[in-house]
Amino acid sequence: MEISKMFLKNDDVITDDNLACSGLDEPHERYFGAVSAPIIQTSLFVQKNYQAYCDDMQHEAERYIYSRGLNPTVQMVEDKLAKLERGETCRCFASGMGAISAVLMANLNSADHIILVNNVYGPAQALVRQMAEKFGVKYDIVLDGTLESIARKITPATRMIYTESPGTMTMNIVDLKAIAALARAHNITTVIDNTWATPLFQKPLTLGFDIVIHSCTKYLGGHSDLIAGAVITSHERMTAIRDFSHQLLGAVLSPFAAWLLLRGLRTLPVRMPRHQDNTLQVIEYLKTRPEVENIRHPSMATPEQQFIIRQQMYGFSGLFAFEIRGGNFETVKWFIDACRMFKVGCSWGGYESLIISPNRGYNEPALAADNIASGLIRLSIGQESPALLIADLDAAFAAIADMPKGEE
Ligand SMILES: *Cc1c(COP(=O)(O)O)cnc(C)c1O
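Per an unreviewed UniProt entry, the chain goes by the name PLP-dependent transferase and belongs to Citrobacter telavivensis. Per UniProt, the chain has the following entry under Cofactor (unreviewed entry): "pyridoxal 5'-phosphate".

Asker: Quick rundown of the nonpolar core? Include the residues and the values.
Answerer: In terms of nonpolar packing, the biggest core is built from 60 residues, with L81, L261 and L268 touching the most fellow members. The leading source of residues in this core is helix α10 (residues 255–266), at seven residues. Taken domain by domain, this core gets at least three of its residues from each of domain 1 (3–264) and domain 2 (268–402). In contact with L261, not counting residues within four places along its chain, are V77, C216, L220, G221, L226, A228 and L253.

Asker: I'd like a description of the packing of helix α11 (residues 268–287) against helix α15 (residues 386–401), backed by residues and values.
Answerer: Between α11 and α15, whose axes approach to 10 Å, the crossing angle comes to 35 degrees. Handedness of the α11/α15 crossing: right-handed. Contacts from R274, N278, Q281, V282, Y285 and L286 of α11 reach α15 at P386, L389, I390, L393, D394 and F397. Classifying every residue of the contact of α11 with α15 by side-chain character gives eight nonpolar, two polar and two charged.

Asker: An account of the site of the ligand is requested, with residue identities and associated values reported.
Answerer: Taken together, 14 residues are adjacent to the ligand, and G96, M97, D193, T217 and K218 come closest. G96 places a main-chain nitrogen or oxygen 2.8 Å from an oxygen atom of the ligand. A distance of 2.6 Å is found between a nitrogen atom of the ligand and a side-chain nitrogen or oxygen belonging to D193. Surface burial for the ligand is 88%, taken as the share of its 380 Å² of free accessible area covered by protein chains. Counted by class, the shell around the ligand contains six nonpolar, five polar and three charged residues.

Asker: Break down the domain arrangement of the chain for me, citing the residues and quoting the values.
Answerer: The domain boundaries assigned to the chain delineate domain 1 (3–264) and domain 2 (268–402). When each unit is reduced to the centre of its C-alpha atoms, the spacing between domain 1 and domain 2 is 27 Å. Taken residue by residue, the interface counts 39 residues in domain 1 and 37 residues in domain 2. Linking domain 1 with domain 2 are 15 residue pairs in polar contact (both at pLDDT 80 or more), by the criterion used here. Listed by contribution, the elements that provide at least two residues to the side of domain 1 that touches domain 2 are α1 (11–21), α7 (176–185) and α8 (198–201). Residues of the side of domain 1 that touches domain 2, tallied by class, amount to 20 nonpolar, 15 polar and four charged.

Asker: Before we move on, could you go through the UniProt feature "modified residue: N6-(pyridoxal phosphate)lysine" (unreviewed entry) in the chain and cite the residues and values that matter?
Answerer: UniProt marks K218 with the feature "modified residue: N6-(pyridoxal phosphate)lysine" (unreviewed entry), using the numbering shown here. You can see K218 is positioned in the loop between β6 (211–215) and β7 (229–233). Here K218 falls in the buried class, since its relative accessible area comes to 9%. In this view, K218 contacts T195, S347, W348 and G349; residues no more than four positions away in its chain are not counted.

Asker: Any chance you could break down the sheet that holds strand β4 (residues 158–163) for me, citing the residues and the numbers?
Answerer: In spatial order, the strands read β1-β7-β6-β5-β4-β2-β3; together these seven strands make up an open sheet with mixed pairing. Edge positions in the sheet fall to β1 (89–93) and β3 (138–142), since each has one partner strand and no second. Neighbouring strand axes in the sheet, compared pairwise and without regard to direction, differ in orientation by 20 degrees on average. Each of β2 (113–117), β3 and β4 touches helix α5 (residues 122–135); the most contacted strand, β3, lies at about 150 degrees to it. On the sheet, α7 packs against β2, β4 and β5 (189–193) and is oriented at approximately 150 degrees with respect to β5.

Rules behind the numbers
- Residues numbered from 1 in each chain as written.
- Predicted model: local features only at pLDDT ≥ 70, side-chain atom pairs only at ≥ 80, totals over all residues.
- Heavy atoms only, no water.
- UniProt positions renumbered as here; feature names shortened; annotations may be inferred.
- Core = buried A, V, L, I, M, F, W, Y, C linked by side-chain atoms within 4.5 Å.
- Buried < 20%, exposed > 50% of the residue type's maximum accessible area, 1.4 Å probe, protein only.
- Helix = DSSP H or I, 4+ residues; strand = E, 2+ residues; numbered from the N terminus.
- Domains from an automatic or database assignment.
- Contact = heavy atoms within 4.5 Å.
- Axes fitted to C-alpha atoms, helices over the stretch in contact; angles between N-to-C directions.
- Left-handed = near helix turned anticlockwise from the far one by under 90°.
- Nonpolar A, V, L, I, M, F, W, Y, C, P; charged D, E, K, R; others polar.
- Near = heavy atom within 4 Å.
- Polar contact = N/O pair within 3.5 Å; in protein donor to acceptor, adjacent residues only side chain to side chain.
- Areas by Shrake-Rupley, 256 points an atom, 1.4 Å probe, with all protein chains shown as cover.
- Pairing = 2+ DSSP bridges.

Structure below.
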């Protein structure tokens, strides 16, 4: 079967995920039966007397005392995300980077070694470099993501393997089950940033991973109106993350952002198949364009990668890249500026389709060093009609064909 047609067939997974996103388990009776959850916009919770306060302080992690610790609106989102990832527990953070830094800071000591596998989100790599400079953390990057390459980098000091699959920009897939097994044999903690796939399309904890991180800013929020992060893991692992990073670094989620996220999650099971369908249609169109090469999306994976995809993914989201053959900064700029539906902007995962390029003109030598083609364009496919999106791209190809000579 063609890989792009195989998805969203797993009825059990879909039903459970729909339940998690629904309001079924929300405590409506506690808030007058309101179907939309309240925003408990409070910094602290008053207690009925001093003894009650003292008792609560003994169980700080589970009681409503202070909103840096636990807040009912935030907790409601955390429960849903834990269910979606099939994890024991979740804590939310003020941003995806807040979640990433919390996991790294709680789990790595000076002189510990971390292996970054596959193309990892740039700021996460930058954080690891900072921790190397400031605290003497050691790191290696394994781009090809094969077991042999990873195994070669494991040392007695290796504490963590951190990955993304598909990898940022390249969309390279790594075998999550195999990596988790290799790490477990060496007592190494495995962490994955699962933002691209969302828990609907990939559930790394069920494949043996220890910790899942999300930037909820993208598909989970889904409306480009909030910044949030989440960590999902076991109770045991969360204790260290909660006590140290969540409480002491303090980048926690606000009740209002949590409420927006709650609202976004309701439609996640509706939005993701639409992102997928739209994206596959846009890719079918791009395949017909002679100007296009190297479409980087998992639906275009090699047979070897397709084999892994079938074992670990339930679907594809809508962030991907392609190259304009022989394109340079001018081509990319003309193409982007000819688009109307595709707005120019970073981030992704919202309603509106977005277009950017890593080529900013002044950085072409750096791109070459990273093996990124000068004509690479990144699209985030939104919820609009695919016909409108395709017509927009059609106009952009016409525009670069008409580029004035000398600009090329
Ligand atoms: C955006 C993003 C992040 C960071 O999330 P913020 O909410 O912006 O801090 C982390 N990982 C990936 C893959 C992202 O795309």
